[in-house]
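Listed below, chain by chain, are the residues.
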Amino acid sequence: MKTLVLGASGQIGAYTVQDLVEFYRADVVAASRKLTNVKKAMTDLGLVDRVKLMELDANDTDIVAKVAASEKADTVVNCAWYQTNLAVMEACVRAGAHYTDLGGFFDTTLRQLQLDEKWKDAGLNATIGLGSTPGLTNVAGAAGAAKLDRVDTINIYCSWGNTLPVKEPGWPGYSIRTVMDEFTQEPVMWLDGKHVRQPVLSGETTVTMKEPIGKIIAYYVKHSEPATMGKYIGKGCSNVTFRIGFPSTDLATFMTLKSLGFADTTELAVGDTKISPLDYLTVMYQRAISKSRSEAPPTHEYEYDAFRIDVFGSQKESPTTVTYHIITWNDPERGISSARDTAVPPSVVSQWQATGKIKDAGAFPPEATVDPVPFFFEMGKRKIRIEEHFTETKKFC
C-alpha cells in the first residue's frame, strides 16, 4: 500500500502519517507546502527516515496528479485545508488513486458529492469527510440508524477540554481556519427534511456528556454532517443537527479573535509586506502546534475530545434511542494528543480503500461506505473509546 498524505506537517496530517506507518506499515509520501515544515514534523515524530518527504501545494492539481501517478499512490489522504478538496479530487481521478479527506465544511462537501458519476466512471472510491467530526460522528449515526426500523432525528454534540486544576485554553483537533469559519458563517441544519440556515451560534441547548465532562452548553455550528446524513441515512430521517459545546475559556478566545478581525482574508500592509489576518493567525497556530510536538509528552491523561450522537427513532413501533459516546484522551504511552481521533479515521479508510474492503466506486460520505463495527474496533486499538447505549420504550397497555 502506498499513500500520499497532503498537509502532512499539520497537527492532523502528521498523526495520520504516523498511524499509517505504525499500524499498517504503509509506504507513505508525506507532503506539505514547505519541505522544512514536513521534515520537522516527521523528525519530531521519529518518522523522518521511514517516509518520503516532499514539498507539494495541494492547490496545484497538475503537480499533485503527476506526483500521485509517478509515485504510484494507491490512495491520497488530504489533510490540507478543506478549500483544497476539489482540486485534489481532480488530481486523484487523473492519477487513478482513491481519495479521502477531513471534511468539506458543508458547501464544499455538497460540491464534492456532485462528482459521484465521474468517480464511478473512473472506477475509484472517494470517501470524504473522514475525521472525527465529520467522520466518527457520521459512522456512529449510521450505526444507530441500522438498529432502527425508522429514524426521526440525529443530534450530534462535540466538546473538548482538560482536567487541569487551572484550565488552560485549548484548541480543537482541527484547523484554526475552520474555527474562524464556524464563528462567521451561518450554520445549516437538516430540519423537517430540508436544509435550513440558522444564525451563527444559535440553537443553544444543554446536554450531558460522559464524565468528567458532564453538562455543557452547545450551539449550532456549520458542519458537514447535516449536509449528507439525512439523505444517506434514509429511513425517514427528517432532522440532523450539529452543535459544539465550546469550553468557556476557548469560546471567549474565539469570540475575541473574531471581534479583532482574524477571520478576515483581506491583506493588510505590515511594514514592507502584506498578509491577511487569517493567514497570520494560521501561521501562529501552526508554529504553536509544531512547538508542542517537540515538547516532552505528558505522563498522564489530562486532555480530551468528546462526542455524543443521539439517534431517535423506532423499532417494531416502539420509540427507541441509540446513543454513542466517543471520548479520546491524550495517550501518554505513545505521546500523542487527543487530536488523533481526527487523524486515525482517514488512515483506516485509506487502508480499506487500498485493500478493497471499501469497493464501491463513486463519491460518498462516510455513512454510506464505512462498516461501523470493524471501524469502531480499529478506533479501539488506538484508545479512541466508543460506547453504545440502547434505550427502548415499552408500553404495557
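Keep in mind that this is a model prediction, so the values were computed, not measured. (Residues numbered from 1 in each chain as written. Predicted model: local features only at pLDDT ≥ 70, side-chain atom pairs only at ≥ 80, totals over all residues. Heavy atoms only, no water.)

Of regular secondary structure, the protein possesses 14 helices and 18 strands. Against the 2.2 N^0.38 benchmark of 21 Å for 397 residues, the protein shows a C-alpha radius of gyration of 20 Å, consistent with a compact globule. Judged by the C-alpha coordinates and their principal axes, the protein covers about 75 × 50 × 40 Å. By residue count, 57% of the 397 residues in the protein fall in the buried class. Considering only contacts within the protein whose residues lie at least 6 apart along the sequence, 72% involve residues at least 24 apart. When the accessible surface of the protein is totalled, it reaches about 17,100 Å², and 51% of it is carbon and sulfur. Averaging the locations of the 43 positively and 48 negatively charged side chains of the protein gives two centres separated by 2 Å. (Helix = DSSP H or I, 4+ residues; strand = E, 2+ residues; numbered from the N terminus. Rg over C-alpha atoms; globule rule 2.2 N^0.38 Å. Buried < 20%, exposed > 50% of the residue type's maximum accessible area, 1.4 Å probe, protein only. Contact = heavy atoms within 4.5 Å. Areas by Shrake-Rupley, 256 points an atom, 1.4 Å probe, with all protein chains shown as cover. Lys, Arg positive; Asp, Glu negative; His and termini not counted. Charge placed at Lys NZ, Arg CZ, Asp CG, Glu CD.)

This brings us to the nonpolar core. Counting 75 residues, the largest nonpolar core has Val-17, Met-42, Ile-154, Phe-254, Ile-309 and Phe-375 as its most contacted members. When residues in this core are grouped by element, the largest group, 7 residues, is from helix α1 (residues 11-24). Ignoring sequence-local partners within four residues, the contact set of Met-42 consists of Ala-8, Ala-14, Val-17, Ala-30, Leu-47, Val-48, Val-51 and Leu-53. (Core = buried A, V, L, I, M, F, W, Y, C linked by side-chain atoms within 4.5 Å.)

According to the stated counting rule, one finds 10 aromatic pairs in the structure shown. Centroid distance Phe-183 to Phe-254: 5.6 Å. Interplanar angle 70 degrees. Geometry classified as edge-to-face. Of the two residues, Phe-183 sits in the loop between α8 (176-182) and β8 (188-191) while Phe-254 sits in helix α10 (residues 248-259), which places them 71 residues apart along the sequence. Each member of the pair Phe-183 and Phe-254 is classed as buried. On the basis of an interplanar angle of 80 degrees and a centroid distance of 6.1 Å, the ring pair of Phe-246 and Phe-254 is categorised as edge-to-face. Side by side, Phe-246 and Phe-254 carry an identical accessibility label, which is buried. Pairwise contacts between aromatic rings join Trp-160, Phe-183, Phe-246 and Phe-254 into one cluster. Sitting over the ring of Phe-23, Arg-382 keeps its end group 3.9 Å from the ring centre. (Phe/Tyr/Trp six-rings, centres within 6.5 Å; stacked < 30°, edge-to-face > 60°. Lys NZ or Arg CZ within 6 Å of the ring centre and 35° of its normal.)

Turning to the environment of Asp-44, a few remarks are in order. Structurally, the position occupied by Asp-44 is in helix α2 (residues 35-44). According to the relative accessible area criterion, Asp-44 is partly exposed, its value standing at 26%. A sequence separation of 134 residues divides Asp-44 from Thr-178, and the C-alpha atoms of the two residues are 25 Å apart.

Within the structure shown, the criterion is met by 20 salt bridges. Where Asp-116 meets Lys-120, a salt bridge forms, and the shortest distance between an N and an O atom there is 3.2 Å. In this pair, Asp-116 and Lys-120 both sit in helix α6 (residues 116-122), 4 residues apart, roughly one turn of the helix. Taking the relative accessible area as the measure of exposure, Lys-120 reaches 39% and is therefore partly exposed. The network of salt bridges with common partners includes Asp-19, Glu-378, Lys-381 and Arg-382. (Salt bridge = Lys/Arg side-chain N within 4 Å of Asp/Glu carboxyl O.)

With glycine set apart, most residues show a phi of negative sign, and most peptide bonds adopt trans. Each neighbour pair has its own omega, and for Thr-133 with Pro-134 the value is 5 degrees, a cis peptide bond. In this fold, Pro-134 is placed in the loop between β6 (125-127) and α7 (136-146). Of note, the amide linkage connecting Glu-211 to Pro-212 takes the cis form, showing an omega dihedral of 10 degrees. Examined against the element boundaries, Pro-212 turns out to sit in the loop between β10 (205-208) and β11 (215-220).

Each packed pair of helices is defined by two parameters, the angle between the axes and the distance between the axes. At a minimum axis separation of 8 Å, α1 and helix α12 (residues 340-355) run at an interaxial angle of 45 degrees. Taken as axis vectors, α1 and α12 run oblique relative to one another. Judged by the twist between their axes, the crossing of α1 over α12 is right-handed. Contacts between α1 and α12 involve Ile-12, Tyr-15, Thr-16, Asp-19, Leu-20 and Tyr-24 on the former and, on the latter, Thr-342, Ala-343, Val-344, Pro-346, Ser-347, Val-348 and Gln-351. (Axes fitted to C-alpha atoms, helices over the stretch in contact; angles between N-to-C directions. Parallel < 35°, antiparallel > 145°, perpendicular 65-115°, else oblique. Left-handed = near helix turned anticlockwise from the far one by under 90°.)

Turning to the pairing of strand β5 (residues 98-101), a few remarks are in order. Where burial is concerned, the two faces of β5 agree: the one with His-98 and Thr-100 and the one with Tyr-99 and Asp-101 are both buried. The pairing of strand β4 (residues 75-78) with β5 spans 4 bridges and is parallel. Within the sheet, the bridge partner assigned to Asn-78 lies in β5 and is Asp-101. Of the crossover connections in this fold, the one passing from β4 over helix α4 (residues 85-95) to the parallel β5 is right-handed. Of the strand pairs in this sheet, β5 and β6 are connected by 2 bridges, and their pairing is parallel. Bridge pairing in β6 links Thr-100 to Thr-127. (Pairing = 2+ DSSP bridges. Right-handed = clockwise from strand over helix to strand, strands pointing away.)

As a further point, take helix α9 (residues 225-233). With 7 of its 9 residues buried, α9 lies for the most part within the structure. Following α9 by one or two positions, Gly-234 adopts a phi angle in the positive range, close to 70 degrees.

With that settled, consider α4. Buried residues dominate α4, accounting for 8 of its 11 residues. Residue Gly-96 follows α4 closely and has a positive phi angle near 75 degrees.

What follows covers the sheet that holds strand β3 (residues 52-55). An order of β3-β2-β1-β4-β5-β6-β17 is seen for the 7 strands of this open sheet, with the pairing classed as parallel. Strands with a single pairing partner mark the edges of an open sheet, and in this sheet they are β3 and β17 (362-364). The average undirected angle you get between the axes of adjacent strands in this sheet is 15 degrees. Here 3 bridges tie β6 to β17, and the two strands are oriented parallel to one another. Opposite Thr-127, over in β17, you have Phe-364 as the bridge partner. Lying over the sheet, α12 contacts β1 (2-6), β4, β5 and β6, oriented at roughly 165 degrees with respect to β4.

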